[in-house]
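Okay, here's what each chain looks like letter by letter:
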Amino acid sequence: MRLLSRILAPRLEVTAHCDLPCGVYDPAQARIEAESVKAIQEKFQSNEDPEFRQRAIEIKEQRCELVKHHLWVLWTDYFKPPHFEKYPELHELFNRATKAAGAGGAKGSTDPKTGAELLDYIEQISTIFWETKKAA
């Protein structure tokens, strides 16, 4: 039995820090959606038409959901334990960023300041992301 185990045992062990080649991960996706959120908030503020405003809110909320999705993909699929060890603030940063995209942040607000705050969090995540990509 041991002989069979040795024959069938893998000869080479490989690991990867992401599920697909790293080129598919990029915080720019979240940033683009967050830029849309902020732009919609600004347009909302400058337009008094109730129909326009309602449509702007609907689109902004959809974009906020996309921001959260892109952030969660980075948080759960790209970043791995070694990244969190090197950047211990990452968990808190992602938590704050996703909350800033949620109902208590830009999703629930028409104030462009909440959109700007969301963009600031994404920029911080992006900085760390690109540092990890250089190190890979």
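Relevant structure appears above.
So, here's what we can say about the structure. The model shown is predicted, which means the values in this text are computed figures rather than measured ones.

What counts and how
Residues numbered from 1 in each chain as written. Predicted model: local features only at pLDDT ≥ 70, side-chain atom pairs only at ≥ 80, totals over all residues. Heavy atoms only, no water. Helix = DSSP H or I, 4+ residues; strand = E, 2+ residues; numbered from the N terminus. Expected span 1.5 Å × (residues − 1). Buried < 20%, exposed > 50% of the residue type's maximum accessible area, 1.4 Å probe, protein only. Arc of directions from axis to C-beta. Axes fitted to C-alpha atoms, helices over the stretch in contact; angles between N-to-C directions. Parallel < 35°, antiparallel > 145°, perpendicular 65-115°, else oblique. Left-handed = near helix turned anticlockwise from the far one by under 90°. Contact = heavy atoms within 4.5 Å. Nonpolar A, V, L, I, M, F, W, Y, C, P; charged D, E, K, R; others polar.

## Section: helix α5 (residues 90–101)
Here's step 1: Over its 12 residues, α5 runs 16 Å from end to end, which matches the ideal 16 Å to within 8%, given 1.5 Å per residue.
Here's step 2: Buried within α5 are the following residues: Leu90, Leu93, Phe94, Ala97, Thr98, Ala100 and Ala101. The buried side chains of α5 occupy one side of the element, clustering within an arc of 155° when seen end-on.

## Topic: the packing of helix α3 (residues 50–78) against helix α6 (residues 112–135)
Here's step 1: Viewed as axis vectors pointing N to C, α3 and α6 meet at an angle of 30°, and their least axial separation amounts to 12 Å. Taken together, the axes of α3 and α6 lie roughly parallel to each other. Both α3 and α6 take part in a crossing whose hand is left-handed. Across the interface between the two elements, Val67, Leu71, Leu74 and Tyr78 from α3 touch Leu118, Ile122, Ile125, Phe129, Thr132 and Lys133 from α6.
Here's step 2: Tallied by class, residues from the contact of α3 with α6 come to 8 nonpolar, 1 polar and 1 charged.

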